[in-house]
Amino acid sequence: MKKLIALSMAFVLALSLGACGGTGNNQNQPTSTPSGSTSAPDESNSTVSGGDVTIGVSMPTKSLQRWNQDGGNMKDKLEKAGYKVNLEYAGDNDIPTQVNQIENMISKGCKVLVIAAIDGSSLTEVLKQAKEQNISVIAYDRLIMNSDAVSYYATFDNFKVGVMQGEFIEEKLDLKNNKGPFNIEIFAGDPADNNAKFFYDGAMSVLNPYIESGVLVVPSKQTSQAQVSTADWKTENAQARMENLITSNGYSPKGKKLDAVCCSNDSTAMGVTNALVSAGYTKEDMPIITGQDCDKPNVKNMLKGLQSMSVFKDTRTLADKVVGMVDAIVKGSEPDDINDRDTYNNGVKNVPSYLCAPVAGTAENYKELLIESGYYTEEDIQ
Ligand code: BGC
């Protein structure tokens, strides 16, 4: 019965979308949907019928493995669901390129835009055009700020990612029982990325009480998000800051001890590790270093004992959720598994979100987490 109702709704919708297409508003607008196809009673095996639907996917950069993976997954999964895909990478985090690419997606008649914003606040104008043309927008991984054009947000629980990094340090240094003092430094992400604050706040929610009680000491005294942020999330920038910290605080394997570096993600962790290795650190005296993404070079470092953990965010799950959102939008229905309606306010509205669950990855569980799950092959991380 439910299926019958769903099918008739899809039929009505297909008709109404067809009518919209005829208004001249957007001549390329599809008249039917892949999975909402009126001629495909089996929705699980959707095929395109009655016109092609193109989805625009805008990724921030090709220079970090994670985004290549995200883009690739999204393209595969959307194509399998019967959509055409216009996938673009904005050079290396180039905001004007991203804006131009989105403008092109709009003018080419994409039905839905899936956007991982470089700067959450730089898309307000271009998304006005999307809204005018009835194009829906899904914020992918990073929230898009100051725009009412954003229908949904799919991401990981970003605050939890930070909490997991903080808790890893808490557990490894046994902060609940030890008095320290332990020396720690903190590296956050690019402040233009709305996620960076969530990661930072999550980690600090665990670490701050220990900093206040003196169990953890930050010798550089750099603890505010502004002081510890890493422009563009770039490895070189994190490396340069770590090199300065080593010089100005006298950290060395034989001198002043550095017990932990809380890094928000793998690109910053890589910069910190590079600086420490150049300063003579080996796996024997490496501080605890956290990360995020389980990027291949960082997994290799974990296996070499040069990075302690990385929060794994299975981008396949994220892509599945986003494809579900796209399907719902195209069918004119609501995604059925929004699990957070309150956390992510983009300055204009609370954006209905789906938060996927992050998992802590280490040298101990990488096989199960990354290899057996088919995310990587053993050769990928040799
Ligand atoms: C993502 C992280 C990523 C970082 C740098 C964040 O928005 O959530 O997974 O490491 O951007 O690209």
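Residues numbered from 1 in each chain as written. Predicted model: local features only at pLDDT ≥ 70, side-chain atom pairs only at ≥ 80, totals over all residues. Heavy atoms only, no water.

A few words on the overall build of the chain. Looking only at helices and strands, the chain features 12 helices and 12 strands. Residues classed as buried in the chain amount to 55% of the 382 residues present. Once local pairs closer than 6 in sequence are excluded, the contacts in the chain between residues at least 24 apart make up 70%. Accessible surface, the chain as shown: approximately 15,800 Å² in total, 50% of it carbon and sulfur. (Helix = DSSP H or I, 4+ residues; strand = E, 2+ residues; numbered from the N terminus. Buried < 20%, exposed > 50% of the residue type's maximum accessible area, 1.4 Å probe, protein only. Contact = heavy atoms within 4.5 Å. Areas by Shrake-Rupley, 256 points an atom, 1.4 Å probe, with all protein chains shown as cover.)

In the structure shown here, the tally under the stated rule is 16 salt bridges. A salt bridge links Arg142 to Asp193, with the shortest nitrogen-to-oxygen separation between them at 3.0 Å. With Arg142 in the loop between strand S4 (136–140) and strand S5 (150–156) and Asp193 in the loop between strand S6 (182–187) and helix H6 (194–213), this residue pair connects regions lying 51 residues apart in the sequence. Taking relative accessible area as the criterion, Arg142 reaches 6% and is therefore assigned buried. Arg316 is the salt-bridge partner of Asp314, the closest N and O atoms lying 2.8 Å from each other. The class of Asp314 is buried, set by a relative accessible area of 16%. (Salt bridge = Lys/Arg side-chain N within 4 Å of Asp/Glu carboxyl O.)

Now for the confidence of the model for the chain. Mean pLDDT over the chain: 88, with 87% of residues reaching 70 or higher. Every residue in residues 1–51 is under pLDDT 50, and counting partners more than four places away or in other chains gives 68 contacts. (pLDDT = per-residue confidence, 0-100.)

This part covers the site of the ligand. Around the ligand, 13 residues are found, and the nearest of them are Arg66, Asp141, Arg142, Asp193 and Asp293. In the environment of the ligand, an oxygen atom lies 2.9 Å from a nitrogen or oxygen atom belonging to the side chain of Trp67. Here an oxygen atom of the ligand sits 2.8 Å away from a polar atom, N or O, in the side chain of Asn265. Relative to its unbound accessible surface of 310 Å², the ligand loses 99% to contact with the protein. (Near = heavy atom within 4 Å. Polar contact = N/O pair within 3.5 Å; in protein donor to acceptor, adjacent residues only side chain to side chain.)

The next subject is helix H9 (residues 266–278). Along its 13 residues, H9 runs 18 Å from first to last C-alpha, staying within 8% of the 18 Å computed at 1.5 Å per residue. Among the 13 residues of H9, 10 are classified as buried, and the element is accordingly described as predominantly covered. Listed in full, the buried residues belonging to H9 are Asp266, Ser267, Thr268, Ala269, Met270, Gly271, Val272, Thr273, Ala275 and Leu276. Buried residues along H9 sit in contact with S6, helix H8 (235–249), strand S8 (260–263), strand S9 (288–289), helix H10 (296–303) and strand S10 (310–312). Among the residues trailing H9, Gly280 stands out with phi positive, at a value near 100°. (Expected span 1.5 Å × (residues − 1).)

Further remarks concern the packing of H8 against H9. Closest axis-to-axis distance for the H8/H9 pair is 7 Å, and the angle between their directions is 40°. Considered as vectors, H8 and H9 are oriented oblique to each other. Once H8 is placed against H9, the crossing between them reads as right-handed. Residues Thr235, Ala238, Gln239, Met242, Glu243 and Ile246 of H8 pack against Ser267, Thr268, Met270, Gly271, Val272, Asn274, Ala275 and Leu276 of H9. (Axes fitted to C-alpha atoms, helices over the stretch in contact; angles between N-to-C directions. Parallel < 35°, antiparallel > 145°, perpendicular 65-115°, else oblique. Left-handed = near helix turned anticlockwise from the far one by under 90°.)

Per the counting criterion, the structure on display carries four cavities of 30 Å³ or more. By volume, the largest cavity is sized at about 100 Å³. Every residue lining the largest cavity is counted, 13 residues in all, and those nearest its centre are Arg66, Trp67, Arg142, Asn265 and Asp293. Grouping the amino acids of the lining of the largest cavity by side-chain chemistry returns four nonpolar, three polar and six charged. Residues lining the lining of the largest cavity come from more than one domain, with at least three contributed by each of domain 1 (15–155 + 315–351) and domain 2 (158–313). (1 Å grid on protein atoms, 1.4 Å probe; cavity = no way out; pocket = protein on both sides within 12 Å on 5 of 7 lines; lining within 4 Å. Points joined across faces, edges and corners; volume = space filled by probe spheres on them. Nonpolar A, V, L, I, M, F, W, Y, C, P; charged D, E, K, R; others polar. Domains from an automatic or database assignment.)

This part covers the sheet that holds strand S3 (residues 112–115). With parallel pairing, the six strands of this open sheet are ordered in space as S2-S1-S3-S4-S5-S11. A strand with exactly one partner marks an edge of an open sheet, and here the two such strands are strand S2 (84–89) and strand S11 (353–356). Pairs of neighbouring strands in the sheet enclose a mean axial angle of 15°, with direction left out of account. With four bridges connecting them, S4 and S5 associate as parallel partners. Bridge pairing in S5 links Ile138 to Tyr152. (Pairing = 2+ DSSP bridges.)

In this structure, Glu132 sits in helix H4 (residues 124–132). Considering only alpha carbons, one finds Glu132 and Ala149, 17 residues apart in sequence, at a separation of 9.1 Å.

On to the nonpolar core. If you look at the biggest cluster of nonpolar residues, it comprises 31 residues, and the most contacted ones within it are Ile55, Met74, Leu78, Val114, Tyr140 and Val326. Elements with a minimum of two residues in this core: strand S1 (54–59), helix H2 (65–80), S2, S3, S4, S5, helix H11 (315–331) and S11. Here this core takes eight residues from H11, the largest share from any one element. Excluding residues that lie within four positions of it along the chain, Leu78 makes contacts with Ile55, Val57, Tyr83, Val85, Val323 and Val326. (Core = buried A, V, L, I, M, F, W, Y, C linked by side-chain atoms within 4.5 Å.)

All right, on to the sheet that holds S6 then. Spatial strand order, S7-S6-S8-S9: four strands in an open sheet with parallel pairing. Strand pairing shows two members of the sheet lacking a second neighbour, strand S7 (216–217) and S9, which therefore form its edges.

Let us now look at the side chain of Gln292. Mapped onto the elements of the fold, Gln292 is located in the loop between S9 and H10. A distance of 2.7 Å separates a polar atom in the side chain of Gln292 from the backbone oxygen of Ser264. Among the polar contacts listed, one links the side chain of Gln292 to the side chain of Lys313, at a separation of 2.6 Å. Dropping the residues within four chain positions of it, Gln292 is found in contact with Val161, Gln165, Phe199, Ser264, Asn265, Asp266, Ser310, Val311 and Lys313.

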